[in-house]
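In case you want the letters, here they are:
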Amino acid sequence: MAGENGILIVAETGADGSLGSITNELMSAAQGLSADLGEPISAALIGSGVGDRAQDIIDLGADTVYLVDGEQFANYLNETYTPAVIAIAQQANPRIILIGHTPNGRDLGPYLAVRLQTGIASDTSGLSIEGGQLQAARSVAGGLFRQVVSFPKMPAIATVHMKAYDGAEPQSGRSGNVVNVDVGLDASSVRSRFVKHEDAQVEGIRMEDATIVVTGGRGMGDEAGFNELYKLQALLPQSAVGATRAATDSGFCEQDLMIGITGRVVSPDVYFAIALSGASQHMAGCSGSKNIVAINRDPEANIFSESRFGVVGDYKQVLPALIEEVEKLMQG
Amino acid sequence: MRIIVTVKQVPDPEAPQSSFTADRAAKRVAVAASVPAAVSDYDNYAAEAALRIKDNDSDTTVSVVSLGESHVLDVIKRPLAMGADDLFLVQDPDLPNGDPVTVAAALAAAIRKIGDFDLVVSGRQSSDLDQGIVATALAAILDIPVLTNAIAVEVNGDEVQIDRIVDDGIDTVAAKLPALVTVSNELGQPRYATMRGIMAARRVDPTVWGKGDLDAMDAADPFTEVVDLFAPEKSSNVEMIEGESPAEAAKALAQRLREERLI
Ligand SMILES: Cc1cc2nc3c(=O)[nH]c(=O)nc-3n(C[C@H](O)[C@H](O)[C@H](O)COP(=O)(O)OP(=O)(O)OC[C@H]3O[C@@H](n4cnc5c(N)ncnc54)[C@H](O)[C@@H]3O)c2cc1C
Ligand SMILES: Nc1ncnc2c1ncn2[C@@H]1O[C@H](COP(=O)(O)O)[C@@H](O)[C@H]1O
């Protein structure tokens, strides 16, 4: 194709039909690129009964929303969403496609790139325009280095690291176009099926929404030690408990508390990093935190160099005293 | 059934950070000679998922395929020591490197040459590049359905079914065989190699192919190019909080956090 123009973002909706926060983040990434290129932003909105969200995406800054709305798209499936994005890309003919580096976005991106015979870079967190084309920076070697990727072909596809961009703020009543797209999907060509969805059992608030995260690592020693973290967490509003992979793999807590390159990504105001070393793979999930507070008995632990505040000591002595003092301050 | 596991050999990611440096001119990570090779972390889980299927069906064969400049046999044979049956190595100093879709095309050519298969199992992402692209692109090139990020995998008749973690819970999805599945660490610890397994693995002669043995390896221009690689700047300005005792330091920390209105 020729005449590629503009940026297409692939929106995501949650199980309740609301736009996922990644959509705001993609829009804000797209706005920077759009300003540099002087080209418009469009969005792909795919689902069942999601038409009402089109105006929300326009409010976030999209000029055109391409809507694929149908029963067939009620749940994400690679084999139905890939043709939907292809049908949209054929109409929009974008220069750049941005997708969230979310479980579904990671699943979609590479399949789409092969089908469109183009290049893809994943988990990118610094997007820029060089010579009129996309360049994307991403971490490699578990976060030790940054790599910058260019795209000789169009459209350039990038999946974007969660929380790498602050979400775009909606401006209500913006105007834009909504274009219905017919995918013309032949159901007999679909060789996979969605079986079921089970909601996560979240007690309290989601870790991603917490303003304070209390995270423990291998140094918590065992499940009982790890559970001490909940005493601190319980005193702090809007807070959640997280873990390193060493802690989850050792069975101190549920697997889904894991933060890091292959776990959850959080960026709270305060991140308590307790008895964890600060491995790059872990930091990939929390380095966007505004204030990291480290407690570690090893003064040489890498986590201190990534933190705003640090205390050297055995958590078994530090944590109870911290809990006691925080409790006092919260009452006072 | 025949399962193919894709396994990448990488520099051990747990090696000291100082053994990795940025070679800016070559736009790649330079690795000290002291760093041992390892099986890419998630590929151990991929092998485990395949072997669990084999545990329940003695007619299952598990083949391992790996593509790289050079392989350390003791390392790349680890999945065999765990119970896999045979090994296919694509070795060539001149292999397409860097662009993940091009790597996937080379793997696809190797898998086609291996022959008929029912299931391909891969890791969710490689420990050195953390892309999470090669396996999914491989499925697209082989034109088979893909299910990613599995935390549980089972085969029922002509279908493979997985559970996968999504943003707000767990999805269960299924695909007709042949299909490709990528595996995450929540699957559970990979089994250890047994002494018997290690002995059996020693006896396996890998099939080794070079670039010239594979069709369509002279892929046209790469789809992406690495234009820079560098170590990010780190500026540490940590405020260490001290006290007469750890408990006193903890108290001072709480007060400092309150002063900053962080708690
Ligand atoms: C491909 C790959 C992907 C990975 N993905 C992730 C990921 O997503 N998330 C993740 O977290 N990890 C991940 N890892 C693992 C990561 O490399 C580290 O191994 C892991 O983060 C270490 O966890 P830790 O800091 O809890 O343990 P350790 O590195 O063992 O550190 C424990 C720390 O606790 C301190 N300590 C011990 N006892 C005490 C005490 N009583 N009081 C105070 N301090 C104490 C020690 O001084 C030490 O600093 C990944 C690894 C690989 C290879
Ligand atoms: N050179 C390779 N040889 C064999 N398998 C590979 C190779 N590169 C990637 N893979 C597979 O693809 C998965 C994802 O790799 P990546 O896209 O690099 O993160 C890995 O976990 C492997 O299973």
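What you see as residue numbers is a count from 1 along each chain, following the sequence as written. Chain labels run from A onward and ligand labels from 1 onward, assigned in the order the entries are written. Confidence filtering applies because this is a predicted model: local features only for residues at pLDDT of at least 70, side-chain atom pairs given and counted only at 80 or more, and all residues used for totals across whole chains, interfaces and linings. Computation of side-chain values: all heavy atoms of the structure, hydrogens and water removed.

Looking only at helices and strands, chain B has seven helices and 15 strands in total. Across its three principal axes, chain B shows a C-alpha extent of roughly 70 × 45 × 40 Å. Residue contacts follow a heavy-atom distance rule, with two residues in contact if any of their heavy atoms lie within 4.5 Å. Here the analysis covers contacts within chain B between residues at least 6 apart in sequence; of these, 71% occur between residues at least 24 apart. A total accessible area of about 11,800 Å² is found for chain B, and carbon and sulfur atoms account for 46% of it. Secondary structure elements are defined from DSSP: runs of H or I of at least 4 residues count as helices, runs of E of at least 2 residues count as strands, and each element is numbered from the N terminus. Note that accessible areas follow from Shrake-Rupley with a 1.4 Å probe, and for residues the cover is restricted to the protein chains shown.

A word on the site of ligand 2. Residues and elements named next belong to chain B. Around ligand 2 sit 17 residues, and of these Thr6, Asp43, Ser126, Gly132 and Val134 come closest. Side-chain polar atom of threonine 6 to an oxygen atom of ligand 2: 2.7 Å apart, as the coordinates give it. Whenever two N or O atoms come within 3.5 Å, that pair is a polar contact, provided that in protein one can donate a hydrogen and the other can accept it, and provided that, for residues adjacent in sequence, both atoms are side-chain atoms. Aspartate 43 is positioned with one of its side-chain polar atoms (N or O) 2.6 Å from an oxygen atom of ligand 2. Expressed as a share of its isolated accessible area of 490 Å², the protein-covered part of ligand 2 is 98%. Here a residue counts as near a molecule or strand whenever at least one of its heavy atoms sits within 4 Å of it.

Turning our attention to the interface of chain A and chain B. In this assembly, 81 residues from chain A lie in contact with 83 residues from chain B. Once two parts are brought into contact, the accessible area they lose, counted with a 1.4 Å probe and summed over both, makes up the buried area. Of the roughly 7,000 Å² buried where chain A meets chain B, counting both sides, 57% is carbon and sulfur surface. Interface area lost by chain A to chain B is led by Phe145(A), Arg191(A) and Phe309(A), which between them contribute 10%. Throughout this description, the term salt bridge denotes a Lys or Arg side-chain nitrogen within 4 Å of a carboxyl oxygen of Asp or Glu. Scanning the region where chain A abuts chain B turns up six salt bridges. Across the salt bridge formed by Arg308(A) and Glu260(B), the nearest N and O atoms sit 3.1 Å from each other.

Residue and element names in this part refer to chain A. Domain segmentation is taken from an automatic or database assignment of domains. Annotation of chain A at the domain level lists domain 1 (7-189) and domain 2 (207-330). In this structure, domain 1 and domain 2 have C-alpha centres spaced 33 Å apart. With seven residues of domain 1 in contact, the opposing surface of domain 2 contributes seven residues. When domain 1 packs against domain 2, the two sides together hide about 580 Å² of surface, and 58% of this comes from carbon and sulfur. Of all residues in domain 1, Gly142, His161 and Lys163 give up the largest surface area on contact with domain 2, accounting jointly for 72% of the area buried on that side. At the boundary of domain 1 and domain 2, one finds three residue pairs in polar contact (both at pLDDT 80 or more). Its residues assigned to classes, the side of domain 1 that touches domain 2 shows three nonpolar, three polar and one charged. Gly is put with the polar residues, along with every residue not named as nonpolar or charged; the nonpolar set is Ala, Val, Leu, Ile, Met, Phe, Trp, Tyr, Cys and Pro, and the charged set is Asp, Glu, Lys and Arg.

The interhelical angle for the contact between helix 4 (residues 103-115) of chain A and helix 5 (residues 134-142) of chain B, taken along N-to-C directions, is 40 degrees, at an axis separation of 8 Å. Taken together, helix 4 of chain A and helix 5 of chain B sit at an angle that is classed as oblique. You can see that helix 4 of chain A and helix 5 of chain B cross each other, and the crossing is right-handed. Residues Asp107(A), Pro110(A), Tyr111(A), Val114(A) and Arg115(A) of helix 4 of chain A form the contact with helix 5 of chain B, whose participating residues are Thr136(B), Ala137(B), Ala139(B), Ala140(B) and Ile141(B). For the contact of helix 4 of chain A with helix 5 of chain B, the residue count by class is seven nonpolar, one polar and two charged. Between the N-to-C directions of two axes lies an angle of 0 to 180 degrees, each axis being a line fitted to C-alpha atoms and, for a helix, fitted only over the stretch in contact. Orientation is classified from the angle alone, with under 35 degrees giving roughly parallel, over 145 giving roughly antiparallel, 65 to 115 giving roughly perpendicular, and any other angle giving oblique. Each crossing is labelled by how the near helix is turned from the far one, with a counterclockwise turn of less than a right angle marking it left-handed and a clockwise turn marking it right-handed.

Residue and element names in this part refer to chain A. Helix span, as expected, comes to 1.5 Å for every residue beyond the first. Under the 1.5 Å per step criterion, the end-to-end length of helix 1 (residues 21-37) is 25 Å for 17 residues, consistent within 8% with the ideal 24 Å. For the exposure calls, accessible area comes from a 1.4 Å probe over protein chains only, and a residue counts as buried if that area is under 20% of its type's maximum, exposed if over 50%, partly exposed in between. Judged by how many residues are buried, helix 1 sits mostly within the fold: twelve of 17 residues are covered. Where helix 1 is concerned, the buried positions are Ile22, Thr23, Asn24, Glu25, Leu26, Met27, Ser28, Ala29, Ala30, Leu33, Ser34 and Leu37. Glycine 38, located one to two residues past helix 1, shows a positive phi value of around 65 degrees.

The subject of this paragraph is the sheet that holds strand 7 (residues 145-150) of chain A. Any two strands with at least two DSSP-identified bridges between them are counted as paired. Spatially, the ten strands line up as an open sheet ordered 9(A)-3(A)-2(A)-1(A)-4(A)-8(A)-5(A)-6(A)-7(A)-14(B), and their pairing is mixed. Two strands in the sheet have a free side with no partner beyond their single neighbour: strand 9 (177-180) of chain A together with strand 14 (225-230) of chain B. On average, each strand axis in the sheet is inclined to that of its neighbour by 30 degrees, with strand direction left out of account. Note that strand 3 (residues 64-69) of chain A and strand 9 of chain A share four bridges and pair parallel. Residue Thr64(A) lies in a different strand from strand 9 of chain A, and its bridge partner there is Asn177(A).

To continue, consider empty space enclosed by the protein. Lining residues are those with an atom within 4 Å of a point, where the points come from a 1 Å grid over the protein atoms alone and group into cavities, where a 1.4 Å probe fits but cannot get out, or pockets, open sets with protein on both sides within 12 Å along at least five of seven lines. Grid points are joined across faces, edges and corners, and a volume is the space filled by probe spheres set on the points. Evaluation of the coordinates by the stated rule reveals two cavities of 30 Å³ or more. Volume-wise, the largest cavity comes out at about 100 Å³. If you go around the largest cavity, the residues you meet are Pro103(A), Arg106(A), Asp107(A), Arg124(B), Gln125(B), Gly132(B), Thr136(B), Thr148(B), Asn149(B) and Thr182(B). Elements supplying a minimum of two residues to the lining of the largest cavity: helix 4 of chain A together with strand 9 (146-156) of chain B. For the lining of the largest cavity, the element with the highest residue contribution is helix 4 of chain A, accounting for three residues. Considered class by class, the residues forming the lining of the largest cavity number one nonpolar, six polar and three charged.

In this fold, Asn291(A) is placed in strand 14 (residues 291-296). Among the polar contacts made by the side chain of Asn291(A), one reaches the side chain of Arg308(A) at a distance of 2.7 Å. Among all residues touching Asn291(A), those that are not within four sequence positions of it are Asp269(A), Val270(A), Tyr271(A), Arg308(A) and Leu262(B).

Right, let's talk about the sheet that holds strand 15 (residues 239-240) of chain B for a bit. The strand order across the open sheet built from six strands is 12(A)-11(A)-13(A)-14(A)-15(A)-15(B), with neighbouring strands paired in parallel fashion. At either margin of the open sheet sits one strand with a lone partner, and together these are strand 12 (239-243) of chain A together with strand 15 of chain B. Bridge count for strand 13 (residues 270-274) of chain A against strand 14 of chain A is five bridges, and the pairing is parallel. When the bridges of strand 14 of chain A are listed, Tyr271(A) appears paired with Ile292(A). Contacting strand 13, strand 14 and strand 15 (309-312) of chain A together with strand 15 of chain B, helix 7 (residues 246-259) of chain B crosses the sheet at an angle of about 170 degrees to strand 15 of chain A.

A separate point is the pattern of salt bridges. Residue and element names in this part refer to chain A. For the coordinates displayed, the defined rule picks out 27 salt bridges over all chains. A salt bridge links arginine 206 to glutamate 208, with the nearest nitrogen and oxygen atoms 3.9 Å apart. Relative accessible area serves as the criterion here: at 33%, arginine 206 is assigned to the partly exposed category. The buried category is assigned to glutamate 208, whose relative accessible area is 18%.

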